Amino acid sequence: MAEEAKTQEEKPQDKRPLVSRVPVKDKEMLDLLLADRGVTYYEEMKKFPVDTEAFKKTLDASCKSRIRTWLKICAHCGMCADTCFFYLANDRDPKQVPSYKIQSTLGEIVKRNGDVDTDFMINCMDTAWGKCTCCNRCGMYCPHGIDMGVMFGYTRGLCFSQGFVPHEMKIGSGMHWIFNAQMDVTVEDYVETCEWMVEENEEYYPGLTIPVDKVGADIMYVVNAREPKHYPQDLAVAAILFHLAGESWTVPSKGWEGTSLAMFAGDWACCKQQVENVYAAMERLKVKRYVGTECGHQHRATITEGPYWAGRKSGDPPVPGLHYVEWVLEALETGKLKLDPAKKIKEPCTLQDPCNYVRNHGLTDVTRKIMSYIAEDFREMSPNREHNFCCGGGGGMNGIGRYRKERNIGLKVKRDQILATGTKFVVSACHNCWDAIRDLEEVYKIGIKWSFLKPILLEMVIVPDHLKPKEEEEGANE
Amino acid sequence: MFKKILFATTSSAICNDASNAAIELAKKHNSKLYIFHALGFPTRGFGSHVVDFKTGEHEYYSPEYVSRIKGEIEKTYAAQLKELDNYTIETLAGVPHTEILRLARKEEVDLIVMGPHTKEDKGALLYRSMLGSTMQGVTQKARCPVMIVSCPVPKEKLEFKNIVFGTDFSKLSDAAFIFAYDLAKERGSMLYLFHALDITPGIGAAIFGQNEIDKCLYGIKDRIKETYVSKMEGFDNYNIRTWEGIPYMEIVKFARRKEADLIVMAHHSKEKDPDKAIIGSTMEQVVMRANCPVVSVNRQV
Ligand code: SF4
Ligand code: SF4
Ligand code: SF4
């Protein structure tokens, strides 16, 4: 009893507050947050004050004419309403109209020049992360080109600077600060995983390597931390396909991770340092090109937006950056990779267009051309291409416990899109979309399967004779 | 031979036979025992949530949760672990076969022992179609031998006095042979070198006549002598047997007839669809039917 009382007394003093305006940069704080499950965190948040002075300064420094103009010229015409999947999934709730969502949050902040209170900021947070995935679909339909996705991205940054950020997002950017990766995978862990994957597969693919830090390679391949953490075979398959295609390629040790939860979190400083790591690796290794794994937001963070974070005037990364699908198509078209047409997917299948490299980076035809190589009966979702709806889990939403219910409601739109194709197989070359589709199946049980491209390609690829194992002896019955 | 043993458990009753065998072996060989349980599947993207493999419930992946599960495992095996002091219990969230292989590689274990992990728990079942079977994943890629225990094994049978080595003459079978031979040498066991001529209609393509089969079987005997017996210096406690039929049925029947304590064979099913693979691969068929542990060897150790 006495013991207990003592520890309870001690707690408040040595306990560091979980909510703060600064990012998590030390392991101790990260562990505290991880151990908390968000409960104390959100309780603390309810009492966490807004620093209105600092807020004003942030606004002055960062809220530029584009945002201010957008907020002003919105005609409240409502044309953006049914472009947003949240609006559709929530029975056309007026509170889900994109223009309403942004006017009632960022609009107010700007109007009041940052003079807002805690409850207001919590509502901002719940809107910026819980009612928008930053999929930028609404922006395509607004007659004024007003993009709520962009504005919510900005709003998230404001929220972050004031400490009003979902628990998992705070942890996510903290991971990037501490590990330069979205998960606790160190450079050593990563290199170790590369070695492991070679060991596991070299017998079947003689000569297979994962060259780490090879200076002057044609391609630098960058992954998503989930791959070494939970799906190392994805890395193995990437290696096998590069190997079979005869590419000169490498993976960087430092700078191996290309994703950016910092972007979803609105931690601008962290975005910058994260992407600069990858750029430094490009420069250090003097590679010709960058290829990123099958991840949508990695591409957005490293190739589309990253150059601006890093202050690169050209707006381009140091070397040209390809999404994995671009490399695949190139390899197929140039014949570096040859697929066995007899192994094409026979059953009807459909394709998820990830916003982050389709709507926001124009890679619309690339995946369709790939589908023509791998599928016999490819059926489009409707709408599709740059008009496709978000998978339902973008912008970090998949990972945030606080908005799980909202996320699951939002998934209905993707579910119905998939059902309408009449297919049971969804190809998804994006980690986030893949997750959302998996969860969609878990929640709604519509009996679908889903896959990245890599495993499909591995099934179908023709191994050139000179790369086959010497003794392909299968059994006694010759 | 077994300095370090990794026992991969689902930490439910289905693994009881395997846990008995693993702990008993560790005692016998003075091994360090690693008890490993993948407690759940990481979900919610990068978020800190897992779906518990046993309950199917969403859990927050916190240090408390991990230590609670650890405690449960410790309790489950408490009675047996009493006489063992060199063991550790490890548990974390992840894809089970990936994490089993990762740990096995990191600790350079000599043997992985596991149950068939077939009757998977509620939570695990959810991800079955995506992750494939744990046994399949582990046996295919492990660098050390993997012992699958799917039936109760009396202590004395763990002496492995009767070992059946089943071969299909593949390169992988060579690795399996070395393991079986080394073990037989060490334990002073009887080693059966067994091959079943595959006469499954459709597979061997030709329907054999009995004469032809006999001819084949003679040839196979010679081949066994050439391939394996030639490598056994001075060891003569062996027996060559060749049967015809469906390989997995024959080896199981043979092992029963000889009251074998252990079947050793290579595993190389290329089938990736987990459901098909379960039915399709010899290894799984043998494991499910055998009344003794089965060791799968895939690498030269
Ligand atoms: S469509 Fe554009 S102008 Fe109309 S309400 Fe939406 S954001 Fe405002
Ligand atoms: S960006 Fe997407 S989720 Fe956000 S308001 Fe626009 S359409 Fe809706
Ligand atoms: S998860 Fe996929 S579909 Fe959703 S926003 Fe990201 S890229 Fe788009």
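Right above here is the structure, for reference.
Presented here is an overview of the structure given in this document.

## Concerning the overall build of chain B
Here is step 1 of the chain: Each helix and strand in chain B was counted, giving twelve helices and twelve strands.
Here is step 2 of the chain: Taken over 301 residues, chain B has a buried fraction of 58%.
Here is step 3 of the chain: Approximately 12,400 Å² of chain B is accessible, and the part contributed by carbon and sulfur atoms is 50%.

## A closer look at the pairing of strand E2 (residues 32–43) of chain B
Residue and element names in this part refer to chain B.
Here is step 1 of the chain: The element E2 is extensively covered by neighbouring structure, given that eleven of its twelve residues are classed as buried.
Here is step 2 of the chain: Sheet topology note: the strand E1 (residues 4–8)/E2 ladder contains five bridges and is parallel. Across the sheet, Lys-4 pairs through a bridge with Lys-32, a residue of E2.
Here is step 3 of the chain: Pairing of E2 with strand E5 (residues 87–93), which is carried by seven bridges, proceeds in the parallel orientation. In the sheet register, Ala-38 faces E5, and the bridge partner there is Leu-92.
Here is step 4 of the chain: Here E2 pairs with strand E3 (residues 49–52) via four bridges, running antiparallel. What sits directly across from Thr-43, in E3, is His-49.

## Here's the deal with the site of ligand 2
Here is step 1 of the chain: Near ligand 2, the surroundings consist of A:Cys84, A:Phe85, A:Pro98, A:Cys132, A:Thr133, A:Cys134, A:Cys135, A:Asn136, A:Cys138 and A:Gly149.
Here is step 2 of the chain: Taken together, the residues that form the shell around ligand 2 break down as seven nonpolar, three polar and no charged.

## Re the packing of helix H2 (residues 27–36) of chain A against helix H11 (residues 167–179) of chain A
The angle between the axes and the distance between the axes are what describe a pair of packed helices.
Residue and element names in this part refer to chain A.
Here is step 1 of the chain: The N-to-C vectors of H2 and H11 enclose an angle of 150 degrees; their axes lie 10 Å apart at closest approach. As far as their axial angle goes, H11 and H2 are roughly antiparallel. Classified by chirality, the crossing of H11 by H2 is left-handed. Of the residues in H11, those touching H2 at Lys-27, Leu-30, Leu-33, Leu-34 and Asp-36 are His-167, Lys-170, Ile-171, Gly-174, Met-175, Ile-178 and Phe-179.
Here is step 2 of the chain: Taken together, the residues that form the contact of H2 with H11 break down as seven nonpolar, two polar and three charged.

## Here we look at the pattern of salt bridges
Two side chains with opposite charge may pair up if their charged atoms get near one another.
Residues and elements named next belong to chain A.
Here is step 1 of the chain: Under the criterion given, the structure shown has 44 salt bridges over all chains.
Here is step 2 of the chain: Between Lys-454 and Glu-294 there is a salt bridge whose closest N-O contact spans 3.4 Å. Remark: Glu-294 occurs in the loop between strand E3 (289–292) and helix H17 (296–304) and Lys-454 occurs in helix H23 (residues 453–460); sequence separation between them is 160 residues.
Here is step 3 of the chain: Lys-454 sits in the buried class, given a relative accessible area of 0%.
Here is step 4 of the chain: Residue classification places Glu-294 among the buried residues on the basis of a relative accessible area of 0%.

What counts as what
Residues numbered from 1 in each chain as written. Chains lettered and ligands numbered in written order. Predicted model: local features only at pLDDT ≥ 70, side-chain atom pairs only at ≥ 80, totals over all residues. Heavy atoms only, no water. Helix = DSSP H or I, 4+ residues; strand = E, 2+ residues; numbered from the N terminus. Buried < 20%, exposed > 50% of the residue type's maximum accessible area, 1.4 Å probe, protein only. Areas by Shrake-Rupley, 256 points an atom, 1.4 Å probe, with all protein chains shown as cover. Pairing = 2+ DSSP bridges. Near = heavy atom within 4 Å. Nonpolar A, V, L, I, M, F, W, Y, C, P; charged D, E, K, R; others polar. Axes fitted to C-alpha atoms, helices over the stretch in contact; angles between N-to-C directions. Parallel < 35°, antiparallel > 145°, perpendicular 65-115°, else oblique. Left-handed = near helix turned anticlockwise from the far one by under 90°. Contact = heavy atoms within 4.5 Å. Salt bridge = Lys/Arg side-chain N within 4 Å of Asp/Glu carboxyl O.

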